[in-house]
Amino acid sequence: MRRISMGGTSMGSRGLWLSLAWLSASTALGCGRREALPAPEDPGAEPPAQPAQLAQPAQPEEPAAPLQESRVERDGLSIAFALRPLDRGQQGGESGLGAPPAAAVAGSDVVAEFTITDASTGAPVRGLTPLGWMSRRAGADGAAAASFSGGAPEASLASGAPAASLASGVSAASLASGAVDAAPDEAACRGKIRSFMAGLLSVRPEVDMNAYLLWTLNQDNTLSAINPQVTLARTQLRSVVSLAGPGVSFVLHPDRESLYVTLRGGRGLAVVDTRRGLVRTNVPVGQDPSRVVIAPDGRTVWVGNDGDGTVSVIDARSTDVLKTLPVGPGHHEIAFTGGGRAAWITSQQGDSVAVVDGETLEPLGEIAVGEGIVSIAASDEAGVVHAANAARGEVVVLDAARRVVAGRVALKPGLGALQFDPRGRFSFALNPTANEVAVLDGATGAVAHTLTGLAAPDAVTFTGAFAYIRNRGAARVSLVDRAALGGAAAPPLVNIAVGQGPPLAAAARPGPAALATPIAPLPEGNGALVASPADKALYVYVEGMMAPIGTLPSYGREPRSLLVEDRSLKEVRPGVYATTVRLGEGGRYDVELLLDRPRTGVCLEATVAPARCAPGDGEADGSGCGGDPVKDIAIAPLFEPDLRLAAGEPATLRFRATAGEGGPPLDAEDIEVMVVRFPTGYRFRGAPRAEGDGTFSVAFTPPTPGQYRFLAAVPGRGAPVGALPSVPLRVSPRGAGTQVGGGR
C-alpha cells in the first residue's frame with residue numbers, strides 16, 4: 001500500500017492574524033486536474049462523526065445532499081470540495097418550513113467542506129491544518145447560476161457541457177459566451193494564495209474560511225459579535241444580541257453553534273444562535289443563575305442557581321431541563337473529572353462539595369470541606385480536585401478517585417479564582433486581597449511558587465507558553481513563563497501595559513471575580529485578547545512584544561467577559577474538513593486551498609446562484625436571501641410609522657405576522673427581527689415573543705440617537721431579510737420627550 005508522506009511542520013499563525021503570515025517561496029502550488037465528483041447515492045453511507053469533544057446524538061444524521069461538488073488531484077491527494085445546506089432544521093426538511101435549497105445562493109449560510117483522501121487507496125488524510133478561501137472570478141456576473149435543478153442547471157445537462165461545469169452549476173450559455181473568466185492556471189492560483197496569505201487589503205477573498213469572531217458579554221444586557229478581520233467596512237461589529245436581563249457568565253458550546261448565558265432578574269438561561277446572532281430561547285432554571293459550564297462531552301449544560309441552592313442540568317441539544325440537583329446554599333462552582341464522568345459542585349454557604357454522576361445525574365456523595373468555598377478546579381492528570389476557601393485562606397486538596405480530603409494548603413485569606421494549567425500540573429490560586437498568586441503542584445499539593453507584586457489579580461488564562469493574569473487594580477496584564485514553573489525559583493512576572501484605566505475604573509462593576517473571563521487566547525496560541533471595560537476596548541497582544549499590537553473597539557460598551565469563536569476549517573470526521581461560511585455575490589468562484597502536510601496549494605471551483613431578493617437597508621450580508629418570496633406572508637407593524645424612540649430607553653415593538661391560505665400559522669420561531677441603524681452598520685437581532693392572535697413583540701433598546709429601520713423576516717417560508725418592507729424608526733437623545741413603546 002502506498003502511503004502519503006505526512007512529514008513536515010504545521011503552519012504557524014493563521015486565521016485572526018493571517019496578515020502576519022507569509023508564504024514560503026518553495027511551496028508547491030497548483031490547480032491540478034478538475035473533474036466532477038458524483039453525489040453520494042448510498043443511503044447507508046457512514047453518517048458524519050463529530051469530534052470527540054462534541055455532543056454525540058443517539059442517531060446521527062447522514063450528511064445533507066451537496067448543493068454542488070468539484071474535485072482535484074495533486075501530489076497523490078484527491079481533494080473534493082462541496083457546499084452543503086447549513087442543517088436540516090434551518091433549511092427545511094424535518095422542520096416542515098419548506099424544501100431544502102437546490103443551490104448555493106448568494107448571501108446564504110452554507111457548510112463548506114473539503115474531503116481529502118489518498119488518491120490511490122482512498123484512505124482519509126487526517127490531522128491537517130488547511131486554509132481556504134473563495135474568490136469571485138472577474139466577469140462573473142451571477143447570470144451563470146440563474147437556473148438550477150439539484151445543483152446542476154438543466155441547460156448544461158441538455159448541452160453536454162463538461163462534467164466540471166455540471167458539478168459547479170454554471171450554465172452552458174455562460175460557458176459559450178465567455179461571460180466568466182477561465183479557471184486560473186498554476187501561476188495564477190499560486191499568486192492568489194500568496195496574496196491572501198500576505199493580507200493585502202487590495203486583494204481580499206469574498207469568502208474567508210479562516211475566520212474568527214470575538215464575543216463580548218457587556219454591562220448593558222447585550223452580547224457583541226466582532227469580526228476582527230473586516231478592515232474596509234464601516235464597522236467590525238457583526239451583530240449585537242439583546243438579552244432579556246443582565247448577563248452573568250457565558251460559555252460557547254464546542255460545536256460553535258450555541259452560546260449559553262446566565263441572566264439576572266429571574267430571566268433564566270439564554271441560548272444564543274451564533275450563526276444568526278439572536279437568542280434562540282430562554283430556558284427557565286433556578287433562582288439567580290450564575291456559573292454556566294458545559295460537560296466535556298458537550299451533551300449537557302450545567303447552571304449553578306445561587307438563589308435556591310440548586311444546579312440545573314440541561315440537554316444541550318433540546319434545551320430541556322433534565323434534572324434539578326439540590327446541592328446547598330450560596331454561590332456554586334462546577335468542575336469535572338474522568339472526562340465528565342463525575343461533576344464536582346461547591347456551595348459557598350454550605351460545608352461540603354457534592355459529587356454527581358455525569359451520565360445518570362445521580363449523587364455519588366458529599367465531601368465535608370468547610371464553609372466558604374468560592375472556586376474549584378480539577379486535574380485528571382494529577383487525579384486531584386482543588387477547592388479554594390476564601391475566608392480561611394486555604395486550598396482543600398481532594399482525591400478524585402477516593403472522593404476524600406487528601407490535604408489542606410494554608411494560604412492567605414481572600415482567595416478568588418482557581419484554575420489548573422492545560423497540562424494539569426500546576427494550579428493557580430489567585431488572591432486579589434493579598435495581591436498575589438500561589439502556584440500549587442498538583443502532584444504533591446505543595447506550594448511551588450508565590451507570585452507577588454500584582455494588583456488585585458482576578459482572572460488567569462493560558463497559552464502554550466505563558467499564563468496571563470489580569471490585574472483588576474491596574475491597567476496591565478502579568479505574564480508567567482510556564483516552562484519556568486518546574487524550577488526552584490519563582491518565575492519573574494512580565495508586565496504588559498493594557499489600556500489607560502484599570503478594570504476597577506469601569507462604570508459598571510464586574511460580578512464575582514471567579515466569573516470573570518476577560519482574557520482569551522489568540523487562536524494561534526501565541527498571544528491573547530484582553531477586554532478593557534474601563535477603556536471600552538479590546539487589546540491584542542502577541543507574545544514577544546512589550547505592548548499590545550492593536551486595539552479593537554467595543555462600540556461604546558463595557559466588555560466584561562470575552563471569548564473567541566473559531567470558524568476556521570476543522571476536521572469533523574476522518575479526512576473531512578468543514579466550516580460554516582456566508583456566501584458572497586452570485587457568480588463563478590475559485591476555491592483556493594492551502595495544505596500544510598504536504599505543503600500543497602490547489603484551486604477548485606464553485607458557483608453561487610444570484611439572490612432573488614435585494615438585501616436592503618445596509619444588510620447586504622443577510623442570510624437566506626435567495627428563495628422565491630412567499631407573496632402571501634404579511635408583516636404589519638402595530639406602531640406608528642416614523643415612530644420616535646429615546647436612546648438608552650427600552651421599547652417594545654409590536655407587529656402582526658400572518659400567512660396566507662394553505663400555509664400553517666406563523667410562530668415566534670419562524671420569525672427573525674432586525675433593527676439597523678441607517679446608514680451606519682449597527683445591527684440588532686432579536687427573537688420575537690408571541691402574544692397571541694398573530695401578534696408578536698420584540699424588546700429593543702436603541703444605543704444612540706439616529707435613523708433606524710425595523711425589518712422582519714420569515715426565512716423558512718422564503719421571505720429572508722430584505723424581502724419584506726422595512727419600517728423607519730427615529731431615535732432621539734434621552735430625555736427629549738420622545739414617544740417610547742410600540743403599542744397602538
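Conventions we followed
- Residues numbered from 1 in each chain as written.
- Predicted model: local features only at pLDDT ≥ 70, side-chain atom pairs only at ≥ 80, totals over all residues.
- Heavy atoms only, no water.
- Helix = DSSP H or I, 4+ residues; strand = E, 2+ residues; numbered from the N terminus.
- Contact = heavy atoms within 4.5 Å.
- Salt bridge = Lys/Arg side-chain N within 4 Å of Asp/Glu carboxyl O.
- Buried < 20%, exposed > 50% of the residue type's maximum accessible area, 1.4 Å probe, protein only.
- Phe/Tyr/Trp six-rings, centres within 6.5 Å; stacked < 30°, edge-to-face > 60°.
- Pairing = 2+ DSSP bridges.
- Axes fitted to C-alpha atoms, helices over the stretch in contact; angles between N-to-C directions.
- Polar contact = N/O pair within 3.5 Å; in protein donor to acceptor, adjacent residues only side chain to side chain.
- Disulfide = S-S within 2.5 Å.

Draft legend 1. Focus on the overall build of the protein. Secondary structure assignment for the protein yields 5 helices and 52 strands. For the protein, contacts bridging at least 24 residues in sequence account for 58% of all contacts bridging at least 6.

Draft legend 2. Expanded view of the pattern of salt bridges. Summed over all chains, the structure comprises 28 salt bridges. Residues D220 and R557 are paired through a salt bridge, measuring 3.1 Å at the closest nitrogen-oxygen approach. Taken as a pair, D220 in the loop between β8 (210-218) and β9 (222-226) and R557 in the loop between β38 (550-553) and β39 (559-568) lie far apart in primary sequence, 337 residues in all. On the accessibility criterion, D220 (30% relative accessible area) is partly exposed. Judged by its relative accessible area of 5%, R557 is buried. Among the ionic pairs, E605 bridges to R588, the shortest N-O distance being 2.9 Å. Of the two residues, E605 is situated in strand β43 (residues 600-608) and R588 in strand β42 (residues 587-595); the sequence distance between them amounts to 17 residues. Note on accessibility: E605 and R588 belong to one class, buried. Bridged by salt links that share partners, the residues R137, K192, R588, D590, E592 and E605 form one connected network.

Draft legend 3. Expanded view of unusual backbone geometry. Here the residue pair R597 and P598 is connected by a cis peptide bond, since its omega of -5 degrees sits within 30 degrees of zero. The topology assignment puts P598 in the loop between β42 and β43. One non-glycine residue, N221, adopts positive backbone phi at about 65 degrees. Following the sequence through the fold, N221 ends up in the loop between β8 and β9. Accessibility expressed as a relative area gives 27% for N221, which makes it partly exposed.

Draft legend 4. Spatial organisation of the packing of aromatic side chains. One pass over the full model with this rule turns up 10 aromatic pairs. On the basis of an interplanar angle of 40 degrees and a centroid distance of 5.5 Å, the ring pair of W133 and F196 is categorised as tilted. In this pair, W133 is assigned in strand β6 (residues 131-136) and F196 in helix α5 (residues 186-198), connecting sequence segments 63 residues apart. Given a relative accessible area of 3%, F196 falls into the buried group. These aromatic residues form a ring-pair network of at least three members: F639, F655, F696 and F710.

Draft legend 5. View of the sheet that holds strand β50 (residues 695-700). Read across the sheet, 4 strands follow the order β44-β46-β50-β49 without closing on themselves; strand pairing throughout is antiparallel. The sheet is open, and its two borders are formed by β44 (634-637) and β49 (689-692), each paired with just one other strand. Sheet twist, expressed as the mean angle between neighbouring strand axes with direction ignored, is 35 degrees. Looking at chain direction, strand β46 (residues 651-658) and β50 are connected through 6 bridges and run antiparallel. Residue F655 lies in a different strand from β50, and its bridge partner there is F696.

Draft legend 6. Main features of the sheet that holds strand β36 (residues 527-532). Overall, antiparallel pairing links the 4 strands, which are arranged β35-β36-β37-β38 in an open sheet. The sheet is open, and its two edges are formed by β35 (519-521) and β38, each paired on a single side. Strand-to-strand twist of the sheet, defined as the mean angle between neighbouring strand axes without regard to direction, takes the value 20 degrees. Across 3 bridges, β35 lies against β36 in antiparallel orientation. Each residue of the ladder has a partner; that of A520, found in β36, is L529.

Draft legend 7. Molecular detail of the side chain of H253. Among the secondary structure elements, H253 is positioned in the loop between β11 (247-252) and β12 (258-263). One polar contact links the side chain of H253 to the main-chain carbonyl oxygen of G298, over a distance of 2.7 Å.

Draft legend 8. Focus on the state of the cysteines. Counted according to the given criterion, the structure contains 1 disulfide. There is a disulfide in this structure between C189 and C603, and the S-S distance comes to 2.1 Å. Between C189 and C603, the disulfide has an S-S torsion of 100 degrees and is therefore right-handed. Of this pair, C189 sits in helix α5 while C603 sits in strand β43; the two residues are 414 residues apart in sequence, bridging distant segments of the chain. Here C189 and C603 have matching classes, each one buried.

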